[in-house]
Amino acid sequence: MITPHLPVLQVVLPLLAAPVCVLLRNGRLAWLLALVVGWVSLLIAVLLLVRVLDGPPLSYAIGGWAPPWGIEYRIDRLNAFLLVIVATIDAVVLVYARASVEREIDPDRVYLFYAAFLLCFTGLLGIAATGDAFNLFVFLEISSLSSYALIAMGRDRRALTAAYQYLIMGTIGATFILIGVGLAYMVTGTLNMADMADRLVGLTGNRTVRVAFAFLTVGLSLKLALFPLHLWLPNAYAYAPSTVTAFLAATATKVSVYALLRFTFSIFGADVAFEVLPLDLILPPLAILAMFVGSLVAIFQDDVKRMLAYSSVAQIGYIVLGISFASLDGLTAGIVHLFNHALTKGGLFLALGCVFYRLGSVRLKDMRGLGQRMPLAMAAFVVGGLGLIGVPLTAGFVSKWYLVVAALGNGWWPVAVLVLASSLLALVYVWRVVEVVYFQPAPREHSEVREAPLSMVLPTWLLIGASVYFGVDTSVTVGVARSAAAFLLQAPLGAGP
Amino acid sequence: MIGDALGLYNYWIVIVLMMVGFYVVISRGNLVKKIVGLNIFQTSVFVLYISMGWVEGGTAPILAPGVELYSNPLPHVLILTAIVVGVATTALGLALVVRIREAYGTIEEDEIHRQDEPT
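Residues numbered from 1 in each chain as written. Chains lettered and ligands numbered in written order. Predicted model: local features only at pLDDT ≥ 70, side-chain atom pairs only at ≥ 80, totals over all residues.

1. What to know about the overall build of chain B
Selection rule: Secondary structure counts use DSSP, requiring at least four H or I residues in a row for a helix and at least two E residues in a row for a strand, with both numbered from the N terminus. To get the radius of gyration, use the C-alpha atoms; to get the globule rule, take the number of residues to the power 0.38 and multiply by 2.2 Å. What counts as a contact is two residues whose backbone-derived C-beta atoms lie within 7 Å of each other.
Summing up its helical and strand segments, chain B has 5 helices and 0 strands in all. For chain B, the α and β elements follow one another from N to C terminus as α-α-α-α-α. A compact globule built from 119 residues would reach a C-alpha radius of gyration of about 14 Å, whereas chain B, at 20 Å, exceeds it by more than 25%. For chain B, the spread of C-alpha atoms along the principal axes amounts to about 70 × 35 × 15 Å. Put simply, of all contacts in chain B between residues at least 6 apart along the chain, 43% involve residues at least 24 apart.

Put into structure tokens, the structure is as follows:
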């Protein structure tokens, strides 16, 4: 009865809950509502994934207006997988949020925090679910605007300048996307993605099409923080409240990667991207630079949150590198890493949130000897760190394995060597933290410091534990990712079933 | 040739506005001026969308007897949404500037950087 409406419920539920949060005017109730919505969204996302994995894509016409005239929500294997990622992170982070947010946000602003959080969640789900190019822009702005507000809620005043900088760069990126969508509309006269893909067939030489795709690529690269367009990311992640950092690091850039995949493979087609336009020459060098520059800069950070933020720049490099191969193995590696990195980095930032909860700081010099004081949170950090390096039995190993396989499959063995070399850099910055945390004596004033509350440690271990689980049992993640990659490569959207 | 170039004058204006706005965002250190630049940049895209809805010989898209040819109303409607987004962005940006001014006592980028330097 309700199942046909699942695609739209996925997005509308958090959207409606956001104003309710504002009306509640009570932090605790707002949290409870957000939590319930988060877990219901996860249930919906899982139901959707199960349905599309053994069936054709689901199409939902908003308001009963048939596509391509009305707005269509279209759930296929790729975005169903993404919906599950976003909803999982949201559900887990919200369990964690209560204690962390009470500590970091003014009590009279907590309900507004959850309203903005739900709007951000809505935007991310909307980008994933929609089958309409302009609708994607609108959801992108919903999620971006609310994330600027969320970042500005950080305690440090530099959170304000970080949010401002992100607002400027994010808006330029979004406007580029708007230009790209407009130019594509000029050529095709449609905004529906599947219809657009149909009409773009045979227009690969059209200059407007090429310009449209170029604008979209640059705009999305800004949003997904591809080197050298990553400048907004380190400060935004470093100064945002811990909960927001964990949520955004695990989802926001991943959703932009999805949008890039969607526009590149499903709408314009790989031949526009990789034959007419030289993305195969542009993306791999940038991705490799991101891997090295991000990791190198991370080594020299004293604020561990900033360190992980730069490590995110590097990890996005791996994802983009996988995509730029444009092969089945490469796309599988990119999509698997998207999932694995969301778990790993989400878990790592949650572990840091535990530290911040107790110490009010995540600078290296304040974290001396924390291994004895907060054994669970620090152990989670170490396991997550191993995942960043790509040690076997962690999820990070699986994605790097597929990345190397894909590189060798393309005959690019120097790239495979570079992937391995950059992993060693991750070892250096993770070791810096481990050395300080485990091998240096705790300062005397920290004798009061204890483990963070269970409601924070448990979600942290849930994500870290999942990252280990999916490092051992790869059948689910790799299976879904391969199926999504095959779906992307088979043909542009319109020609699909 | 020249006629073609002049006939597309909307698009020339779009390009000029876009570059002016972009330049202001990059070159100005004053946070409010950056937002104004961003606004000009976004406005150029609004003009781009509105221009593409134009149909040669078409009239305003309002049903009227005896009129066969209308211009395309869809880009106009789309840009209404984008204008709303632009207003929201400007409001949020200015709100951030107000709070930055409260926290730092200045809205000049270089002075803010200088204040954050010693940390």
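2. Here's the deal with the overall build of chain A
Note the threshold: Backbone-placed C-beta atoms define the burial measure: a residue is buried with 20 or more other C-beta atoms within 10 Å of its own, exposed with 12 or fewer, and partly exposed in between.
On a plain count of helices and strands, chain A comes out with 20 helices and 2 strands. Expected size for 497 residues packed as a compact globule is a radius of gyration near 23 Å; at 21 Å, chain A falls within 12% of this value. Dimensions of chain A, computed from the C-alpha atoms along their principal axes, are close to 70 × 55 × 40 Å. Classification of the 497 residues of chain A by burial places 64% in the buried group. Here the contacts in chain A between residues at least 6 apart in sequence split such that 80% fall between residues at least 24 apart.

3. Comments concerning the environment of A:Asp76
Residues and elements named next belong to chain A. Topologically, Asp76 is positioned in the loop between β2 (72-75) and α3 (77-104). Counting along the chain gives 131 residues from Asp76 to Arg207, while the straight-line C-alpha distance between them is 30 Å. Asp76 has contacts with Val52, Pro57 and Phe487, leaving out every residue within four places of it along the chain.

4. Focus on the interface of chain A and chain B
Operational definition: Residues were grouped as follows: Ala, Val, Leu, Ile, Met, Phe, Trp, Tyr, Cys and Pro as nonpolar; Asp, Glu, Lys and Arg as charged; and all remaining residues, including Gly, as polar.
With 22 residues of chain A in contact, the opposing surface of chain B contributes 25 residues. Sorting the residues of the side of chain A that touches chain B by element identifies α5 (133-152) and α6 (158-188) of chain A as the ones contributing at least two each. Residue contributions to the side of chain A that touches chain B peak at 14 residues, all from α6(A). Looking at side-chain class alone, the side of chain A that touches chain B contains 15 nonpolar, 4 polar and 3 charged residues.

5. With respect to the packing of helix α10 (residues 242-268) of chain A against helix α13 (residues 304-324) of chain A
Residue and element names in this part refer to chain A. Rule in force here: Think of each axis as a best-fit line through the C-alpha atoms, taken over the contacting stretch in the case of a helix, with angles from 0 to 180 degrees between the N-to-C directions. With respect to orientation, any angle under 35 degrees is reported as roughly parallel, any angle over 145 as roughly antiparallel, any angle of 65 to 115 as roughly perpendicular, and every other angle as oblique. Handedness of a crossing is defined here by the sense of rotation of the near helix relative to the far one, left-handed for an anticlockwise turn of less than a right angle and right-handed for a clockwise turn.
Packing of α10 against α13 leaves a shortest axis separation of 12 Å and a crossing angle of 20°. With respect to α13, the axis of α10 lies roughly parallel. You can see that α10 and α13 cross each other, and the crossing is right-handed. For the pair formed by α10 and α13, the contact residues are Thr245, Ala249, Thr253, Val257 and Leu261 on the first element and Lys305, Ser312, Ile316, Ile319 and Ile323 on the second.

6. Remarks on helix α17 (residues 395-409) of chain A
Residues and elements named next belong to chain A. Operational definition: By this rule, a helix spans an expected 1.5 Å times one less than how many residues it contains.
With 15 residues, α17 should cover 21 Å at 1.5 Å per step; its first-to-last C-alpha distance of 21 Å lies within 8% of that length. Burial of α17 is extensive: 11 of the 15 residues sit out of reach of the surface. Here α17 has its buried residues at Ala395, Gly396, Phe397, Val398, Ser399, Lys400, Tyr402, Leu403, Val404, Ala406 and Ala407. Tucked into the core, α17 has its buried residues touching α13, α14 (328-359), α16 (375-389), α18 (413-439), α19 (454-472) and α20 (475-490). Just downstream of α17 lies Gly411, where phi reads positive at about 75°.

7. Here's the deal with the environment of A:Met291
Counting through the fold element by element, A:Met291 comes out in helix α12 (residues 279-299). Residues A:Met291 and A:Val313, spaced 22 residues apart in sequence, show a C-alpha to C-alpha distance of 7.1 Å.

8. With respect to the pairing of β2(A)
Residue and element names in this part refer to chain A. Inclusion rule: Between any two strands, pairing holds if DSSP finds at least two bridges.
Where burial is concerned, the two faces of β2 agree: the one with Glu72 and Arg74 and the one with Tyr73 and Ile75 are both buried. Two strands pair when backbone bridges link them, and strand β1 (residues 58-61) and β2 are joined in this way by 4 bridges, in the antiparallel orientation. Within β2, the position partnered with Tyr60 by the bridge is Tyr73.

9. Considering α12(A)
Residue and element names in this part refer to chain A. Quick reminder of the rule: Our arc is simply the arc of the directions from the helix axis toward the C-beta atoms.
Helix length check: α12, at 21 residues, gives a terminal C-alpha distance of 30 Å against a target of 30 Å (1.5 Å per residue), a fit within 8%. Regarding α12, the residues found buried are Leu279, Leu283, Pro284, Ala287, Ile288, Ala290, Met291, Gly294, Ser295 and Ala298. Projected onto a plane normal to the axis of α12, the buried residues spread over an arc of 145° and lie on a single side. Facing away from the buried surface of α12 by more than 90 degrees, the exposed residues are Leu281 and Pro285. Looking at the packing, one finds that the buried side of α12 touches α11 (270-276), α13 and α18.

10. Points about the packing of helix α1 (residues 6-24) of chain A against helix α4 (residues 110-129) of chain A
Residues and elements named next belong to chain A. It is the contact of α1 with α4, at a shortest axis distance of 8 Å, that shows an interaxial angle of 165°. Comparing their axes, α4 and α1 come out roughly antiparallel. Seen from above, α1 lies across α4 with left-handed handedness. Here α1 contributes Pro7, Gln10, Val11, Pro14, Leu15, Ala17, Ala18, Cys21, Val22 and Leu24 to the contact with α4, which in turn contributes Tyr111, Leu112, Tyr114, Ala115, Leu118, Leu119, Phe121, Thr122, Leu125, Gly126 and Ala129. Here the contact of α1 with α4 is built from residues that sort into 18 nonpolar, 3 polar and no charged.

11. With respect to unusual backbone geometry
Residue and element names in this part refer to chain A. With an omega of 5°, the peptide bond between Pro67 and Pro68 qualifies as cis. Topologically, Pro68 is positioned in the loop between β1 and β2. Here the bond from Phe227 into Pro228 is cis, since omega is 0°, no more than 30 degrees from zero. When you line up the elements, Pro228 lands in the loop between α8 (207-223) and α9 (233-239). If you check the backbone angles, Ala326 has positive phi at about 55° while not being a glycine. Tracing the sequence through the fold places Ala326 in the loop between α13 and α14. For Leu393, which is not glycine, the phi torsion reads 75° and is therefore positive. Topologically, Leu393 is positioned in the loop between α16 and α17. Classification of Leu393 as partly exposed rests on a count of 13 C-beta atoms within 10 Å.

12. Here's the deal with the nonpolar core
Residues and elements named next belong to chain A. Rule in force here: Nonpolar core, as used here: buried Ala, Val, Leu, Ile, Met, Phe, Trp, Tyr and Cys residues forming one set through C-beta atoms within 7 Å.
Counting residues in each nonpolar core, the largest one holds 228 residues, and the members touching the most others are Ala34, Leu83, Tyr114, Leu118, Ile151 and Ala163. Among the elements that take part in this core, α6 stands out by supplying 19 residues, more than any other. With near-sequence residues (within four places) excluded, Leu83 lies in contact with Gln10, Ala45, Leu48, Leu125, Ala128 and Ala129.

13. What to know about the confidence of the model for chain B
Applied cut-off: Per-residue confidence from the prediction method is given by pLDDT, with values spanning 0 to 100.
Looking at chain B as a whole, the pLDDT averages 88, with 96% of positions reaching at least 70. Reported confidence for the predicted complex is 0.93 by ipTM and 0.92 by pTM.

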